[in-house]
Protein chains: 2
Amino acid sequence: MTLNILFAALPERWGEYEAPLRAALDALGQDYVLSTEMAADQVDYMIYAPNSTVQDFTPYTRLKAVLNIWAGVEAIVGNQTLTVPLTRMVDTEGLTRGMVEWVTGHVLRHHLGMDAHIVNPDHAWAPTVPPLAPERPVAILGFGALGQACARALTGLGFPVTGWSRSAKSIEGLTSDHGPDGLKRVLQNAQIVVLLMPDTPETANTLNAETLSWMPKGAFVINPGRGPLIDDAALIAALDSGQIAHATLDVFRTEPLPKDDPFWAHPKVTVTPHIAADTRPASAAKVLAENIRRSEASEPLLYEVDRTAGY
Amino acid sequence: MTLNILFAALPERWGEYEAPLRAALDALGQDYVLSTEMAADQVDYMIYAPNSTVQDFTPYTRLKAVLNIWAGVEAIVGNQTLTVPLTRMVDTEGLTRGMVEWVTGHVLRHHLGMDAHIVNPDHAWAPTVPPLAPERPVAILGFGALGQACARALTGLGFPVTGWSRSAKSIEGLTSDHGPDGLKRVLQNAQIVVLLMPDTPETANTLNAETLSWMPKGAFVINPGRGPLIDDAALIAALDSGQIAHATLDVFRTEPLPKDDPFWAHPKVTVTPHIAADTRPASAAKVLAENIRRSEASEPLLYEVDRTAGY
């Protein structure tokens, strides 16, 4: 039996998703039709983004499940016309790999002093050789799955990495510290700090005037975690004084970062537009195909939304 | 017995070397004096750079060996007043680690498209997410010790890496190809090419108009190997046509790169000043201390210069 799969998301997404989806669906070994246009009463599965033009699911009489390509489902979970199982996207592979690549890349960028060569209007041939990774201690604040994955990659390159978390964690092959005293020890020793904590009332302003002053002068701050982890004004003061050499920030209290935010124009700040970790079509397509396989096999779906809880 | 060790190199080097040398000498557990000034007839060992003010070794009557901090000894090997053993610096640890860090950093930089965020005068919030490393094939031309070390680091981060060498090599855990046909296969598949071949008549202009045309449009070129590996004019033409998206070059036919060289001003070229791999004080100090230990123990010195061969 041929499965009819409707792709109901913005046209840009179709450009990104079509090839990886076909690859993942081909691997299931079942006949299928995948298209952005299909008679509503012929659709078996809908691959969906909540900003799709499809908002009334009533005509989709044969629909077995709606599979989101977004992590967030708040815009669709209350839709009364949607009665079949709904899944959200949890692209663990894409999120973790992306975070490790972004963090490793920006740690190496600051470690190697790349910016002085990327922007060198005077064409200065100035060979200064940075220390090697074993002489560049890195702290990772927040030592969950993402922090540990980044720590493994950086440790593999020779950096002495210390992970920090609120409560003690013992992770095979990695060094960690914890609690308020541990935070001071870790920051006092770190030339590069990477923030990977969740956004909770306890983690707000973890980097503030006091904690930034604990770091060695000329340290680097990298934030791919959450905007509120940093007291923005304290960071700018520390950059202006030279206490912090440079900050590379991927997340902000308001996103997109407003045009008048002082981070944009600050010569010691690099803004990246919340790209450190994102769902990637190649790995997301595998999750979508796996859920179609599970549905056909009457197995429980991955990441099925609990309509009562709302996520 | 206290060993008297004279540091005879430029004052800048003393600033870099004093602390790591003391750390490495302390580890020998033998009394020593390390200084930049010492009565000539009291000196047991001289840690030396050929541009030192010491050019007449006659007054150094007690000297046991001259230990270079440079790899090149051509400026000193013919000095007739130097009759004690002479060693050159081979800082395998520093050279290899430095190369792996530089190559990994610049591969990640191009892979992640960092430059668009580092230089973003319009303050554009433009979240485009790059593919993940498994979708970004990397070729390493020249698959000796340095090439293999870089391949291992990049493979560890998930990049599909293929090493290429003139004759076949089978390296555990790494993928490689060889010979002229292999070069075409490797380049046709590579979105990033890293050049790590030696400079020989056979390797000159390995990247030229024809071989650059084999690469996928928009590929990246990274050269930390030797300047003559690239036909410079062909590379500039490929950058201008868009065939190559960007080149990051650490080595050149003439160094320092002349002010009027077109690479300096080209918007798609990043020049780094021959820093990818260099002797590093921390690891070089260990080699120097090890040679003092060997000399005192009457063991053969590491990297002793053959005065007849000249190196």
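Analysis parameters
Residues numbered from 1 in each chain as written. Chains lettered and ligands numbered in written order. Predicted model: local features only at pLDDT ≥ 70, side-chain atom pairs only at ≥ 80, totals over all residues. Heavy atoms only, no water. Helix = DSSP H or I, 4+ residues; strand = E, 2+ residues; numbered from the N terminus. Buried < 20%, exposed > 50% of the residue type's maximum accessible area, 1.4 Å probe, protein only. Areas by Shrake-Rupley, 256 points an atom, 1.4 Å probe, with all protein chains shown as cover. Lys, Arg positive; Asp, Glu negative; His and termini not counted. Charge placed at Lys NZ, Arg CZ, Asp CG, Glu CD. Domains from an automatic or database assignment. Pairing = 2+ DSSP bridges. Axes fitted to C-alpha atoms, helices over the stretch in contact; angles between N-to-C directions. Salt bridge = Lys/Arg side-chain N within 4 Å of Asp/Glu carboxyl O. Right-handed = clockwise from strand over helix to strand, strands pointing away. pLDDT = per-residue confidence, 0-100. Contact = heavy atoms within 4.5 Å. Polar contact = N/O pair within 3.5 Å; in protein donor to acceptor, adjacent residues only side chain to side chain. Least-squares fit on C-alpha atoms with pLDDT ≥ 70 in both. Parallel < 35°, antiparallel > 145°, perpendicular 65-115°, else oblique. Left-handed = near helix turned anticlockwise from the far one by under 90°. Nonpolar A, V, L, I, M, F, W, Y, C, P; charged D, E, K, R; others polar. Core = buried A, V, L, I, M, F, W, Y, C linked by side-chain atoms within 4.5 Å. Buried area = accessible area lost by both parts, 1.4 Å probe.

## Structural notes on the overall build of chain A
So, point 1. Scanning chain A for helices and strands turns up nine helices and 12 strands.
So, point 2. Viewed in the frame of its principal axes, chain A has a C-alpha envelope of about 65 × 50 × 40 Å.
So, point 3. Within the span of chain A, comprising 311 residues, buried residues form 53% of the whole.
So, point 4. With an accessible surface of roughly 13300 Å², chain A has 52% of that area assigned to carbon and sulfur atoms.
So, point 5. Positive and negative side-chain charges of chain A, numbering 23 and 35 respectively, have mean locations separated by a distance of 5 Å.

## Some thoughts on the domain arrangement of chain A
So, point 1. According to the domain assignment, chain A contains domain 1 (3–92 + 279–296) and domain 2 (95–271).
So, point 2. A separation of 37 Å is found between the C-alpha centroids of domain 1 of chain A and domain 2 of chain A.

## What to know about unusual backbone geometry
So, point 1. Omega for the bond connecting A:Glu255 with A:Pro256 falls within 30 degrees of zero, at -10°, which places this linkage in the cis form.
So, point 2. The residue A:Pro256 is located in the loop between strand 11 (244–249) and helix 8 (262–265) in this model.
So, point 3. A positive phi angle, near 55°, is found at B:Ser298, a position not held by glycine.
So, point 4. Here B:Ser298 lies in the segment after helix 9 (281–296).

## Digging into the sheet that holds strand 11 (residues 244–249) of chain B
Residues and elements named next belong to chain B.
So, point 1. With parallel pairing, seven strands are arranged side by side in an open sheet as 8-7-6-9-10-11-12. Edge positions in the open sheet fall to strand 8 (175–178) and strand 12 (269–271), since each of these has one partner strand only. Between one strand axis and the next, the sheet turns through 15° on average, direction left out of account.
So, point 2. Relative to strand 11, strand 10 (residues 219–223) runs parallel, the two being bridged by five bridges. Directly across from Ala219, in strand 11, lies its bridge partner Ile244.

## Focus: the pattern of salt bridges
Residue and element names in this part refer to chain A.
So, point 1. A full pass over the atoms with the stated rule returns 24 salt bridges over all chains.
So, point 2. One salt bridge connects Glu290 with Arg293, and the closest N-O pair in it is separated by 3.1 Å. On the criterion of helical spacing, the pair formed by Glu290 and Arg293 is a turn pair, its members being three residues apart in helix 9 (residues 281–296).
So, point 3. Of the residues examined, Glu290 reaches a relative accessible area of 23% and is grouped as partly exposed.
So, point 4. Owing to a relative accessible area of 32%, Arg293 belongs among the partly exposed residues under this scheme.
So, point 5. Linking Arg293 and Glu299 is a salt bridge whose minimum nitrogen-to-oxygen distance equals 3.0 Å.

## A short note on the pairing of strand 2 (residues 32–35) of chain A
Residues and elements named next belong to chain A.
So, point 1. Where strand 1 (residues 3–8) and strand 2 come together, four bridges link them in parallel fashion. Bridge pairing in strand 2 links Asn4 to Val33.
So, point 2. Crossover connection from strand 1 via helix 1 (residues 11–26) to parallel strand 2: handedness right-handed.

## Section: the confidence of the model for chain A
So, point 1. Chain-level pLDDT for chain A is 95 on average; 100% of the residues reach the 70-or-more range.
So, point 2. For this predicted complex, the interface confidence comes out at an ipTM of 0.83, alongside a pTM of 0.84.

## Side note on the sheet that holds strand 5 (residues 86–87) of chain A
Two orientations exist for strands paired in a sheet by backbone hydrogen bonds: parallel and antiparallel.
Residues and elements named next belong to chain A.
So, point 1. Strand order in the open sheet made by the five strands is 2-1-3-4-5, with parallel pairing throughout. Looking along the sheet, the strands with just one partner apiece sit at the ends: strand 2 and strand 5.
So, point 2. The pairing of strand 1 with strand 3 (residues 45–48) spans four bridges and is classified as parallel. Each bridged residue has a counterpart across the sheet, and for Phe7 the counterpart in strand 3 is Ile47.
So, point 3. Each of strand 1, strand 2 and strand 3 touches helix 1; the most contacted strand, strand 2, lies at about 170° to it.

## Some details on the environment of B:Ser241
Residues and elements named next belong to chain B.
So, point 1. Looking at the secondary structure, you find Ser241 in helix 7 (residues 232–241).
So, point 2. Residue Ser241 is classed as partly exposed on the basis of its relative accessible area, which comes to 47%.
So, point 3. Polar side-chain contacts of Ser241 include one of 3.2 Å to the backbone oxygen of Ala238.
So, point 4. A distance of 3.2 Å separates a polar atom in the side chain of Ser241 from the backbone nitrogen of Gln243.

## Here we look at the relation of the copies chain A and chain B
So, point 1. Under the fitted operation, chain A is carried onto chain B by 0.0 Å of movement along the axis and a turn of 180°, and the coordinates agree to an RMSD of 0.1 Å. On this basis, the relationship between the two copies can be described by a two-fold rotation axis. Ranked by how close their C-alpha atoms come to the rotation axis, the residues of chain A are headed by A:Gly105, at 2.9 Å.
So, point 2. Most of the interface of chain A is mirrored in chain B, where 100% of its interface residues again form contacts.

## Describing the packing of helix 2 (residues 92–112) of chain A against helix 2 (residues 92–112) of chain B
For any two helices packed against each other, one specifies the crossing angle of their axes together with the interaxial distance.
So, point 1. Look at helix 2 of chain A against helix 2 of chain B: their axes get within 9 Å of each other, and the N-to-C directions meet at 125°. As far as their axial angle goes, helix 2 of chain B and helix 2 of chain A are oblique. When you trace helix 2 of chain A past helix 2 of chain B, the crossing you get is left-handed. Where helix 2 of chain A abuts helix 2 of chain B, its residues A:Glu101, A:Trp102, A:Thr104, A:Gly105, A:Leu108, A:His111 and A:Leu112 lie against B:Glu101, B:Trp102, B:Thr104, B:Gly105, B:Leu108, B:His111 and B:Leu112.
So, point 2. Residue composition of the contact of helix 2 of chain A with helix 2 of chain B, grouped by class: six nonpolar, six polar and two charged.

## Some words on the nonpolar core
So, point 1. Ranked by internal contacts, the top residues of the largest apolar core, which has 54 residues, are A:Ile140 and B:Ile140.
So, point 2. Sequence-distant contacts of A:Ile140, defined by excluding residues within four places in its chain, comprise A:Gly147, A:Cys150, A:Ala151, A:Leu154, A:Val161, A:Thr162, A:Gly163, A:Trp164, A:Val194 and A:Leu196.
So, point 3. Core analysis: the next-biggest nonpolar cluster, separate from the first, contains 33 residues, A:Leu183, A:Ala234, A:Ile244 and A:Leu257 among them.

## A word on the interface of chain A and chain B
So, point 1. At the junction of the two partners, chain A supplies 53 residues and chain B supplies 53 residues.
So, point 2. In total, chain A and chain B occlude about 4200 Å² of area from one another, counting both sides; carbon and sulfur atoms represent 74% of this.
So, point 3. The largest share of the area that chain A buries against chain B comes from A:Glu101, A:Trp125 and A:Leu132, three residues that together contribute 19% of it.
So, point 4. The interface formed by chain A and chain B contains zero salt bridges.
So, point 5. Counting only elements with at least two residues in the side of chain A that touches chain B, the list comes to helix 2, helix 3 (115–118), helix 8, strand 12 (269–271) and helix 9 of chain A.
So, point 6. A class-by-class count of the residues in the side of chain A that touches chain B yields 28 nonpolar, 15 polar and 10 charged.

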